[in-house]
Structure formats: structure tokens, C-alpha cells
Amino acid sequence: MKCRVCRGPAVIDIRRHNAAFCDQHFLHHCREQVRRAVKDHQMLLEDDRVLVAVSGGKDSLALWDLLVELGYDADGLYLGLGIGDYSDRSTDAARAYAAERGHKLHEVDLAADYGYDIPSAAAATHRAPCGACGLSKRHLFNTVAIERGYDVVATGHNLDDEAAVLLGNVMRWETGYLGRQQPVLPDAPGFVRKVKPLIRLGEREMAAYCVLRGIDYIVEECPMAEGNRHLGYKEVLNALEDRSPGTKSAFVFGFLDRVHERFAGDAGAERAELGECSVCGSPTTGDVCAFCRLRERAGGG
Ligand code: Q46
Ligand code: ZN
Ligand code: ZN
């Protein structure tokens, strides 16, 4: 296996690109894919202050690393979810990366700062933990970004994640979600812009990137992900990709290029009717926002 660029020994092959790369040209490939995603979807301006949502896993640490390498002013935000040992080890990975590279990491701890954690929220709502977790993350990343003067929140969703979410939304014809499934969500009153610069890179590429860059990430998955529907969708997509490389990217980019627009109206309608939360002031359709209601039910209100 030889590098497509220099013909030296390759360390990774990427079947959907029909290409293999040596370590240096693989790192270059990753940077180019991010640069292209940012440019194609107009994700970032040169002088944007970027807040990276950091979990301690491979995707978010690689994203942070790539954005800094590409010259962006990017700081991290780590959210302590209170999921036992898993959260402790994720915290360590995020802090170690930031400290080693001299990057600025903000931290918010659900239990210490908001009086609840994900296990208590799941118990109080009798729902799967990922619902409460996703809601808390969306609210806090946005709020912290606004309060601390960032222009945009960047998340580490990669091609595999996007394909799995898309499949889930298509299987249930979630037209509102389909309308919002974009690599860029523009800012709006009360919302900063949200971007997914890793959308052109797969899970395996992100793991390889971290290894080659010496980034120590937490390998274990969140223990609460069990039963999460997206894991099943990923398995199905991996089987399809294995038989015909390029399926995932054709699925995601075909949707974005040719189909997404048809659902854009379904997403717009939901954003149009927003007022202010009477507790925290965030945009909401009701009197009290979903985050404040969750916090109240989980014992932190
Ligand atoms: S951290 Fe949270 Fe994930 Fe764990 S509880 Fe579910 S959503 S699986 S990315
Ligand atoms: Zn090479
Ligand atoms: Zn609120």
C-alpha cells in the first residue's frame, strides 16, 4: 500500500476515496477536508472566535486540533455530565489535551453549577438519558458561547454521525429535524451559529488522526449510549459501506445538495414563534424553556 501523493509507505487507506496515505499526507488530507467543509458550507470567518464542544473523545479533540492547525482562534468547552467514571476519565482527557498544548478550556459542571446530572435527569424524566443529555448540551453550549463572547460553536459530528442521524430522521420522516440537519445552523436572536467541520471525515479517520498527532483521547463509549438507536443505524450503514464504499458520503451529501431544501420550511416554522424563557431568558416556544423545565424536574431548579 503506497501513499497516493508521495508513493511512500501508507499508514491508512480510505476506500471511499480510493486512496491510501503516508502519515504526513494523511494529516494533510484531514486538514484539507476540514478546510473544504468550512469553505463549501461557509462555516467560519477568518476572525471568528470559535468555541469547540469538547467531550474528551477522538472527534472533538481532533476537531479542536484541526481548527487550531488551520489558524482559527478556537477554545474548548467541556461539560461535566456526571456519568460516573466515564465522565471522570473524559474530564482528564480534555484537561490533559488543553494543558499539553496550552489551549484554553472552559468547564461547566452540571452537578456543581446546575444542581443535577444526566443520570438524575434520566431518572426524573423516565426517558432515555440521551434526550436529557442532548438538551442540556444544546442549551449550555449556546448559552456559554453567548455569555463569553464566541461567534460560533463547533461540534465534532463526523460523517458517520451525520449519516446515522440522517438515516434515523428518514426512517421516521422527521421533517422538522431533516430541515435542520445541516452542517451549518445560522445564528438567530438568542442563538449563535453552529457548525460541524468534520462532516467530510469518517470515524476511522478521526481515530487515526488522533494517534498520529499524539492526542490521548478517551476510547470507551458513554455507558448510557446502550440502546441508543443511532448505534444500530451505524451498524447498518457500516455494512452497506463495506459492500460499496462511498455509500455514506453519497447519502449525506446527496441529501444536502439535492433534498435538504425541500424540508427547510419545516424547520423555519419552529424558529419563528419564539419568546423568552421566564427563568433564564433563552429563546423558547413556551413560558419556561425545556432546559429550565428539565432542571426543575431533575432537582436542580
Ligand atoms: S454522552 Fe449523553 Fe452521548 Fe452519553 S448520555 Fe447519550 S448523549 S451517549 S453523545
Ligand atoms: Zn505521502
Ligand atoms: Zn430557561
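As a starting point, this report considers the structure included with it. Note that the coordinates shown come from a computational prediction; the quantities given were computed from them, not determined experimentally.

Here's the deal with the side chain of Asp 65
For step 1, the next point in the chain: Structurally, the position occupied by Asp 65 is in helix α2 (residues 58–69).
For step 2, the next point in the chain: Those residues within four positions of Asp 65 in sequence are excluded, and the remaining contacts are Tyr 97, Arg 101, Tyr 209, Arg 213 and Ile 215.

Details of α2
For step 1, the next point in the chain: Along its twelve residues, α2 runs 16 Å from first to last C-alpha, staying within 8% of the 16 Å computed at 1.5 Å per residue.
For step 2, the next point in the chain: Across the twelve residues of α2, ten count as buried, placing the element largely inside the fold.
For step 3, the next point in the chain: For α2, the set of buried residues is Lys 58, Asp 59, Ser 60, Leu 61, Ala 62, Leu 63, Trp 64, Asp 65, Leu 66 and Leu 67.
For step 4, the next point in the chain: Following α2 by one or two positions, Gly 71 adopts a phi angle in the positive range, close to 95 degrees.

What about the site of ligand 1?
For step 1, the next point in the chain: Lining the immediate surroundings of ligand 1 are Leu 81, Cys 130, Cys 133, Lys 137, Cys 222, Met 224 and Ala 225.
For step 2, the next point in the chain: Its residues assigned to classes, the shell around ligand 1 shows six nonpolar, no polar and one charged.

Overview of the sheet that holds strand β3 (residues 49–54)
For step 1, the next point in the chain: Pairing is mixed in the open sheet, where six strands are placed in the order β5-β4-β3-β6-β8-β7. Of all strands in the sheet, those with a lone pairing partner are β5 (105–109) and β7 (184–185), marking the two edges.
For step 2, the next point in the chain: Here three bridges tie β3 to strand β6 (residues 152–154), and the two strands are oriented parallel to one another. Bridging from a neighbouring strand, Val 50 pairs with Val 152 of β6.

A look at the coordination of the zinc ion (ligand 2)
For step 1, the next point in the chain: The protein atoms that coordinate the zinc ion (ligand 2) are Cys 3 (SG), Cys 6 (SG), Cys 22 (SG) and His 25 (ND1), at distances of 2.0 to 2.3 Å.
For step 2, the next point in the chain: Classification of the site at the zinc ion (ligand 2) as tetrahedral follows from its four donor atoms and the range of 96 to 115 degrees in their angles at the metal.
For step 3, the next point in the chain: Judged by its relative accessible area of 22%, His 25 falls in the partly exposed class.

Some thoughts on the pairing of β3
For step 1, the next point in the chain: Of all the six residues making up β3, five are buried; the element is thus mostly covered by neighbouring parts of the structure.
For step 2, the next point in the chain: Viewed along the sheet, the connection from β3 through α2 into strand β4 (residues 73–80) turns out right-handed.

Looking at the pairing of β5
For step 1, the next point in the chain: As defined by bridge partners, β4 adjoins β5 across five bridges and the pair is classed as parallel. From the neighbouring strand, Tyr 78 faces β5, where its bridge partner is Glu 107.
For step 2, the next point in the chain: For the crossover that starts at β4, traverses helix α3 (residues 84–101) and ends in the parallel β5, the hand is right-handed.

Some details on helix α5 (residues 118–125)
For step 1, the next point in the chain: Those residues of α5 not exposed but buried are Ile 118, Ala 121, Ala 122 and Thr 125. All buried residues of α5 fall inside an arc of 100 degrees around its axis, so they share one side.
For step 2, the next point in the chain: On its buried face, α5 is in contact with α4 (110–114), α6 (129–147) and α13 (290–297).
For step 3, the next point in the chain: Between a side-chain oxygen at the N-terminus of α5 and the backbone nitrogen of Ser 120 the separation is 2.9 Å; the capping residue is Asp 117.

Looking at the coordination of the zinc ion (ligand 3)
For step 1, the next point in the chain: Here the zinc ion (ligand 3) is held by the protein donor atoms Cys 277 (SG), Cys 280 (SG), Cys 289 (SG) and Cys 292 (SG), which lie 2.3 Å from it.
For step 2, the next point in the chain: In this structure, the zinc ion (ligand 3) is surrounded by four donor atoms whose angles at the metal cover 106 to 112 degrees, and the resulting shape is tetrahedral.
For step 3, the next point in the chain: In the primary structure, the donors to the zinc ion (ligand 3) are separated according to the pattern C-x2-C-x8-C-x2-C. Of this pair, Cys 277 sits in the loop between β9 (275–276) and β10 (283–284) while Cys 289 sits in the loop between β10 and α13; the two residues are twelve residues apart in sequence, bridging distant segments of the chain.
For step 4, the next point in the chain: For Cys 277, a relative accessible area of 4% puts it in the buried group.
For step 5, the next point in the chain: A relative accessible area of 5% means that Cys 289 is categorised as buried.

Here's the deal with a negative patch on the surface
For step 1, the next point in the chain: A cluster of acidic residues, Glu 46, Asp 47, Asp 151 and Asp 187, forms a negative patch on the protein surface.
For step 2, the next point in the chain: Owing to a relative accessible area of 34%, Asp 151 belongs among the partly exposed residues under this scheme.

Conventions and cut-offs
Residues numbered from 1 in each chain as written. Chains lettered and ligands numbered in written order. Predicted model: local features only at pLDDT ≥ 70, side-chain atom pairs only at ≥ 80, totals over all residues. Heavy atoms only, no water. Helix = DSSP H or I, 4+ residues; strand = E, 2+ residues; numbered from the N terminus. Contact = heavy atoms within 4.5 Å. Expected span 1.5 Å × (residues − 1). Buried < 20%, exposed > 50% of the residue type's maximum accessible area, 1.4 Å probe, protein only. Near = heavy atom within 4 Å. Nonpolar A, V, L, I, M, F, W, Y, C, P; charged D, E, K, R; others polar. Pairing = 2+ DSSP bridges. Donors = N, O, S within 2.8 Å, 3.2 Å for Na, K, Ca; no water. Tetrahedral: all angles 85-135°; square planar, octahedral: opposite > 155°, others 65-115°. Right-handed = clockwise from strand over helix to strand, strands pointing away. Arc of directions from axis to C-beta. Polar contact = N/O pair within 3.5 Å; in protein donor to acceptor, adjacent residues only side chain to side chain. Patch = residues over 30% accessible without salt bridge, like charges linked within 9 Å, V, L, I, M, F, W, Y side chains within 5 Å. Areas by Shrake-Rupley, 256 points an atom, 1.4 Å probe, with all protein chains shown as cover. Salt bridge = Lys/Arg side-chain N within 4 Å of Asp/Glu carboxyl O. Lys, Arg positive; Asp, Glu negative; His and termini not counted. Charge placed at Lys NZ, Arg CZ, Asp CG, Glu CD.

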